[in-house]
Structures are given as C-alpha cells and as structure tokens.
Amino acid sequence: MSVESVQLSWSRPISAPPRVDRVALFVLGKGTVASSLLAQIGEHKARIVERDGLSLEIAGVCDRKSALFVPRPGGLDLADWRGALGAAPDADPRERRPFLDGLTRLGSRVSVLVDCTAADRMETLYEQALLRGIHVVTANKKPFAGSLPSFRRLQTTARRCRRALRYETTVGASLPVIETLKDLVRTGDRVELIEGSFSGTLGYLSNELLRGVPLSTAVGVARDRGYLEPRPQDDLSGVDVARKAVILAREIGLNLGLEDVRLTPFVPAELLAVSSPESFFEVLPTYDAEVAATVARAQAEGKVLRYLARIDPGQRRIDVGPVAVDVHHPAARLRGAESFVAFTTERYRDPLVVQGAGAGGALTAAGVLADILAIARKV
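Because the structure is predicted, anything quoted here is derived from the model rather than measured.

What counts and how
Residues numbered from 1 in each chain as written. Predicted model: local features only at pLDDT ≥ 70, side-chain atom pairs only at ≥ 80, totals over all residues. Heavy atoms only, no water. UniProt positions renumbered as here; feature names shortened; annotations may be inferred. Helix = DSSP H or I, 4+ residues; strand = E, 2+ residues; numbered from the N terminus. Buried < 20%, exposed > 50% of the residue type's maximum accessible area, 1.4 Å probe, protein only. Contact = heavy atoms within 4.5 Å. Core = buried A, V, L, I, M, F, W, Y, C linked by side-chain atoms within 4.5 Å. Axes fitted to C-alpha atoms, helices over the stretch in contact; angles between N-to-C directions. Parallel < 35°, antiparallel > 145°, perpendicular 65-115°, else oblique. Left-handed = near helix turned anticlockwise from the far one by under 90°. Pairing = 2+ DSSP bridges. Right-handed = clockwise from strand over helix to strand, strands pointing away. Disulfide = S-S within 2.5 Å.

(A) Structural context of the UniProt feature "domain: Homoserine dehydrogenase catalytic" (unreviewed entry) in the chain. Under the local residue numbering, the UniProt record ascribes the feature "domain: Homoserine dehydrogenase catalytic" (unreviewed entry) to residues 176-373. Taken end to end, residues 176-373 has its terminal C-alpha atoms 14 Å apart, with 43% of it in helix and 22% in strand.

Rendered as structure tokens:
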C-alpha cells in the first residue's frame, strides 16, 4: 500500500452525530427563583447541549392562577414565557395531575417536576409525580420540614419508584450542604454536632448591625436587594432557619419537627405580631436602640452576634436563635450574605465546613439547575 493511500484512509473518519437527550421540565412558580431558573436555562441551553448532550425543554409553567402546557418539541419559547403564561386559561392550583399525565406522554428520556414556590401541602403533588415516573427537584422547604410521616412517605415513594427527589437548595441555596451530609451518613460517619448560619439574609443583617447600621436601615436595604421575603417577619422570626435545621436533623435520623425547635426570633417577638409589611416598616425604627444595645453588649465581651442553628443528635435537640460567638468561631468569619454549616463527626473532629454566598434568587436557581442536570446526567 502506498503512503498516499494510507493517508487517504485516515483522512475520512466515520463518526455518528452526538446524541442529544430531551429533558422535559414542568416548572411551578413565576417568582424570583423561577424567573432566574428560566433565564439561566435560556442563557446556557446551547452550552448544555454541546457539553452534556442534554436539551432542557420547558414543557410547562404554572402559577397560583394559571397553567401553561406546551407539548411540542422544543417546549416553551423562553423569550416571552410571562406573556404566554398570562394569556393561559385559569386553572385550579390544587389540580396539576393532567399536566403530570401530559408530561409522561412527551416521550422525553427524562421528565422533571420543578417546584420553585414556597407553597403549602405540595407533598401530594410530589407523590403523584414520582408515581408517574417523573423526577422531582424542589427549593420548597415546607414538604421536608412538615409532617414527619409525610416526609418519610415521600422518601419511600421515591425509592420504590426509582425516581430522584432532590432538594439541595432547601438548605444553603446553591451550597452543597445536604449532599455533603448525606455522603457522611452513607459512608458510616457519625454526626455529633451540626452548627450553621442557614440564612444569608440574617447573616447580612447581623453583619450590618455589627458595623453600627440601625436595624431599620439594614432591613430596608435587605428588602431592596431582594434578600427578604415579601412579609419580612417570615425571615426575622427565624422559622425559615428552623425549617432548614429540621431538614438536616431528619437527614441524620432524628424524628423531630418544627414543634421541637427551641426558637428565639432575630427581633423582639412583639415586632413579629405587626400585621402588614407597611405597618412593620413603620414600627421597625422604634426597636433600633434595643437591638443596637444587644449588639454592643456582645462586642464589649469581644464576641460577634450571629443567628445560628445548633443540632445536637446526642441530646435530640435543635436550638435556633441569636448567639454571641467567640471571634475564632467559624461563624465569626462570615461576610455579607454568606451562610455556613459545620459538621463535627466521628471522623471530622475539626469540623467539616461548607461556606459561601447563601441568599438570592439567582443562587437558588443555580442550585435547582444543578439538581436538574445531576438527575439528567445520571439517567
């Protein structure tokens, strides 16, 4: 054979086109997290196809009043999804089974229900999805910190149906908190203590107070930056942190609920009783001096005020509230809206620390997208 013929044979490789699998998503919600998620999918769609061979297609979107289902290949045009949803007919928010049935008929290799809401009583919908062979990704803490039997049933249903139930973003936004804890437990480590600053919002407020910023000013800025819930008391009560603590406690086998948490609010309890957000912001400045005095007392002792959750498996106890910590404590190093969690275990006598930015819809959406991609890659 001549040299020329050898070169010619190597110059014509035969290769099959890369495989692209469709991933059909039905997204619940249209708020900050859902909007950020859809924007990120639109921005990175081509890159995900090229890198992972996955085509993320929005088969449907719904809010409290309307639902839009798009069964065609390619899914919803993300350029004007809000307009399309606004023009969709009204639908009972409690009745999503027809859309789940439609999702199963699309023929996609992977179908995922994505919950970007903070709605109550979503457990039944998750179960309906899992039973239909649909994976579930959620940023909603309530199903995992509510009724213990319901939580256990969800886990059992997911295992029995061999479908993923991922809720990484319920604690720490995009930080790998839950998966890190699961890995510790899976590999036989024994968790002896969990401490964490689970709220980027309250972390931000703590840092501002330490800088001498009045409480009312700090809360107002947090609202303007999108850190606060529409009803500020939902953050400042500490209940959101308590839910996250319950989720982690259940991951290590503690059969505890919100009613078992020893909870102290971030602000005086009487402030939480103010009804409307408008009234809340009117009354808030009257508490500036009281809160500033608490911060000053901690500083006089050479300590830093933080809002922490502490889970003690040995005592079967969860404490959530303001704590004055030593300057060498991991929480003392937090900056801005950072969150952290420290796992002290049989193997990690020096705590294993997960730390990073912990507030904002874009970060939570990025974590939701990571969960979706993790499922699709595995399948």
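(B) Up close: the environment of Val291. By secondary structure assignment, the location of Val291 is in helix H15 (residues 288-300). Note on Val291: relative accessible area 9%, which makes it buried. In this structure the C-alpha to C-alpha distance between Val291 and Phe266, which are 25 residues apart in sequence, comes to 9.4 Å. Once residues within four sequence positions are removed from consideration, Val291 is found in contact with Leu209, Leu215 and Pro268.

(C) Highlighting the nonpolar core. Grouped together as the largest cluster of nonpolar side chains are 77 residues, with contacts concentrated most on Leu113 and Leu248. Judged by nonpolar contacts, the second largest core, of 32 residues, contains Val27, Trp81, Val137 and Leu369.

(D) Summary view of the packing of helix H8 (residues 177-186) against helix H12 (residues 239-251). The N-to-C vectors of H8 and H12 enclose an angle of 20°; their axes lie 10 Å apart at closest approach. The angle between H8 and H12 falls in the class roughly parallel. Taken as a pair, H8 and H12 cross one another with a handedness that is right-handed. Where H8 abuts H12, its residues Val177, Ile178, Leu181, Lys182 and Val185 lie against Ile247, Leu248 and Glu251.

(E) Looking closely at the sheet that holds strand S7 (residues 191-197). Spatially, the six strands line up as an open sheet ordered S8-S10-S9-S7-S11-S12, and their pairing is mixed. Lying at the two open borders of the sheet, with one neighbouring strand each, are strand S8 (261-263) and strand S12 (352-357). Within the sheet, the average angular offset between the axes of one strand and its neighbour, ignoring direction, is 25°. Contacting S7, strand S11 (338-345) and S12, H8 runs over the sheet at an angle of about 5° to S11.

(F) View of the pairing of strand S4 (residues 110-115). In terms of burial, S4 is a largely internal element, six of the six residues being buried. Going residue by residue along S4, you find Val110, Val112 and Val114 tucked away on one face and Ser111, Leu113 and Asp115 tucked away on the opposite face as well. In the sheet, strand S1 (residues 21-28) pairs with S4 via six bridges, with the strands oriented parallel. Within S4, the position partnered with Val23 by the bridge is Val110. Note: S4 against strand S5 (residues 135-138), four bridges, orientation parallel. Bridge assignment links Leu113 to a residue of S5, and that residue is Val136. Each parallel crossover has a hand, and for S4 linked through helix H5 (residues 123-131) to S5 it is right-handed.

(G) Local environment of the state of the cysteines. Tallied over the entire structure, the rule returns zero disulfides. There is no disulfide at Cys62, and the cysteine sulfur nearest it, in Cys116, is 10 Å away. Of the residues examined, Cys62 reaches a relative accessible area of 3% and is grouped as buried.

(H) Seen up close, the sheet that holds S5. Within the open sheet, the six strands sit side by side as S3-S2-S1-S4-S5-S6. Their pairing is mixed. Both edges of this open sheet fall to strand S3 (67-69) and strand S6 (165-166), since each of them pairs with a single strand only. Sitting on the sheet, helix H4 (residues 97-104) touches S1, strand S2 (54-62), S3 and S4, and the angle it makes with S3 is about 15°.

(I) Structural view of unusual backbone geometry. Look at Arg121: it is not a glycine, yet its phi comes out positive at around 55°. Position of Arg121 relative to the elements: it lies in the loop between S4 and H5. Residues other than glycine seldom take positive phi values, yet Ala173 does so here, at roughly 55°.

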